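# Observations on the model geometry
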Amino acid sequence: MAEQYMQRLCGLMRKAVQDYEMLAPGDRVLVGVSGGKDSISLAIGLAMLRDYIGFSYEVFAVTLDPQFGHESMDTAPLAALFAQYGISYSVRRTEIGPVVFEYRKEKNPCALCAKLRRGALHTAAQELGCNKVALGHHLDDAIETFYMNLWREGRIGCFSPVTYLSRRDLTLIRPMLLATENEVIRAAKEQAFPIIKSRCPADGATTRQETKEFVRQMVKKDPAFRQKTLHALQENGVDGWAPAHTGRRKAEGSKLDGTDI
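Fair warning: this is a prediction, and the values are worked out from it, not measured in the lab.

## Comments concerning the overall build of the protein
Each helix and strand counted, the protein has 9 helices and 6 strands in total. Burial status across the protein gives 49% buried among its 261 residues. Put simply, of all contacts in the protein between residues at least 6 apart along the chain, 76% involve residues at least 24 apart. For the protein, the accessible area works out to roughly 12,700 Å², and carbon and sulfur atoms hold 50% of it.

And the structure:
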């Protein structure tokens with residue numbers, strides 16, 4: 001069946017959007033596009049979702065080029081792709097790469113890099129008049145975050161499906177959180193998206209990568225491992241994971257008073 005994987009991904013995104021009330025008529029949604037499979041699939045999925053979700057909203061995409069090694073990304077293929085789907089696209093060159101790896105020479109660069117990218121993305125959203133920022137986290141990301149929090153910090157927690165940042169007056173949404181990484185990969189391959197490989201010096205050498213391997217091993221032993229973890233998050237309403245229609249969402253769930261730089 002043609003485009004079966006992209007249709008599957010859009011179906012899961014639609015369920016997440018409805019279960020967690022992520023979108024509303026007239027929203028202006030910004031997607032930060034790194035060039036990887038997740039962010040590209042998210043942007044295209046949101047654009048396609050407009051055709052059958054029942055109300056209109058706008059989708060914007062921005063690439064925050066970190067300029068690793070002082071080299072700019074070639075974003076022309078992304079510009080051509082987004083133009084086909086009516087997505088307004090812009091590129092912002094930053095000094096995030098040099099700051100993290102040369103000036104600061106961080107031993108653990110991921111935290112600083114993420115903080116700088118997050119601040120730049122939120123600023124871009126405000127300048128473009130967007131009220132929501134869509135992040136490309138999928139189900140595997142959520143599961144990995146849950147276990148990392150448990151092992152490293154000894155707490156039960158995960159990122160929220162929907163988070164309100166009061167200091168920025170922005171709402172963060174994660175429309176792909178019900179899709180597994182493999183489902184995103186299949187959709188991206190099916191559509192032949194122009195993936196840009198990360199040039200980050202720390203790519204593939206993080207604690208998250210270790211956790212990712214753990215999840216893969218657990219899924220081999222128990223194919224339902226991901227869904228069991230998802231069920232636990234939703235049943236207990238951890239950090240807003242209880243779907244809106246269940247009535248189990250905690251008061252602090254979907255509208256967290258987030259902080260920002």
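## Details of helix H2 (residues 37-49)
For H2, with 13 residues, the first-to-last C-alpha span of 18 Å sits near the 18 Å given by 1.5 Å per residue. Most of H2 is tucked away, with 12 of its 13 residues classed as buried. Of all the positions in H2, only Asp38, Ser39, Ile40, Ser41, Leu42, Ala43, Ile44, Gly45, Leu46, Ala47, Met48 and Leu49 are classed as buried.

## With respect to the packing of aromatic side chains
How two aromatic rings sit relative to each other is given by the distance of their centres and the angle of their planes. This structure, assessed with the given rule, holds 10 aromatic pairs. Judged by centre distance (5.6 Å) and plane angle (20 degrees), the rings of Tyr147 and Phe225 are stacked. Separated by 78 residues along the polypeptide, Tyr147 in helix H6 (residues 139-153) and Phe225 in helix H9 (residues 225-235) bring together distant segments of the chain. With relative accessibility at 13%, the residue Tyr147 sits in the buried group. The exposure class assigned to Phe225 is buried, which follows from its relative accessible area of 9%. Here the aromatic cluster, defined as three or more aromatic residues joined through ring pairs, consists of Phe146, Tyr147, Trp151, Phe214 and Phe225.

## Some remarks on the side chain of Asn149
With respect to the secondary-structure elements, Asn149 resides in helix H6. Residue classification places Asn149 among the buried positions, given a relative accessible area of 9%. Look past the residues within four positions of Asn149 in its chain and what remains in contact with it is Gly154, Arg155, Gly157 and Cys158.

## Regarding the sheet that holds strand S5 (residues 162-165)
One open sheet accounts for 6 strands, arranged S3-S2-S1-S4-S6-S5; its pairing is mixed. The sheet is open, and its two borders are formed by strand S3 (88-93) and S5, each paired with just one other strand. Between one strand and the next, the sheet's axes are offset by a mean angle of 25 degrees, whatever the strand orientation. Against the sheet, helix H5 (residues 109-127) touches strand S1 (28-32), strand S2 (58-65), S3, strand S4 (132-134), S5 and strand S6 (170-173), its axis set at about 140 degrees to S2.

## Some points on a nonpolar patch on the surface
Together, Leu150, Trp151 and Ile156 give the surface a local cluster of nonpolar side chains, amounting to about 310 Å² of exposed area. Secondary-structure assignment places Leu150 in helix H6.

## Digging into unusual backbone geometry
Of note in this structure, Glu21 is not a glycine but carries a positive phi near 50 degrees. Position of Glu21 relative to the elements: it lies in the loop between helix H1 (4-19) and S1. Even without being a glycine, Asp169 presents a positive backbone phi close to 55 degrees. Secondary-structure assignment places Asp169 in the loop between S5 and S6.

## Thoughts on the pattern of salt bridges
For the structure shown, the criterion picks out 14 salt bridges. With a closest N to O distance of 3.1 Å, Glu58 and Arg28 form a salt bridge. In this pair, Glu58 sits in strand S2 while Arg28 sits in strand S1, placing the two residues 30 residues apart along the sequence. With a closest N to O distance of 3.3 Å, Lys212 and Glu144 form a salt bridge. Placement of the pair is Lys212 in helix H8 (residues 207-221) and Glu144 in helix H6, with a sequence separation of 68 residues.

## What about the nonpolar core?
With 55 residues, the main nonpolar core has Met22, Leu23, Ile44, Leu46, Phe82 and Trp241 as its most contacted residues. For this core, the leading source of residues is H2, giving 8 residues. Residues in contact with Ile44, not counting those within four places in the same chain, are Met6, Leu81, Phe82, Tyr85, Ile87 and Phe193. Formed by 13 residues, the second largest nonpolar core is a distinct cluster that contains Leu121, Ala124, Leu135 and Leu170.

## A word on the environment of Met13
Along the polypeptide, Met13 turns up in helix H1. Between the C-alpha atom of Met13 and that of Leu49, which follows or precedes it by 36 residues, the distance is 8.1 Å. Excluding its chain neighbours within four sequence positions, the residues that come into contact with Met13 are Leu42, Gly45, Leu46, Leu49, Pro175 and Met176.

Rules used in this analysis
- Residues numbered from 1 in each chain as written.
- Predicted model: local features only at pLDDT ≥ 70, side-chain atom pairs only at ≥ 80, totals over all residues.
- Heavy atoms only, no water.
- Helix = DSSP H or I, 4+ residues; strand = E, 2+ residues; numbered from the N terminus.
- Buried < 20%, exposed > 50% of the residue type's maximum accessible area, 1.4 Å probe, protein only.
- Contact = heavy atoms within 4.5 Å.
- Areas by Shrake-Rupley, 256 points an atom, 1.4 Å probe, with all protein chains shown as cover.
- Expected span 1.5 Å × (residues − 1).
- Phe/Tyr/Trp six-rings, centres within 6.5 Å; stacked < 30°, edge-to-face > 60°.
- Pairing = 2+ DSSP bridges.
- Axes fitted to C-alpha atoms, helices over the stretch in contact; angles between N-to-C directions.
- Patch = residues over 30% accessible without salt bridge, like charges linked within 9 Å, V, L, I, M, F, W, Y side chains within 5 Å.
- Salt bridge = Lys/Arg side-chain N within 4 Å of Asp/Glu carboxyl O.
- Core = buried A, V, L, I, M, F, W, Y, C linked by side-chain atoms within 4.5 Å.

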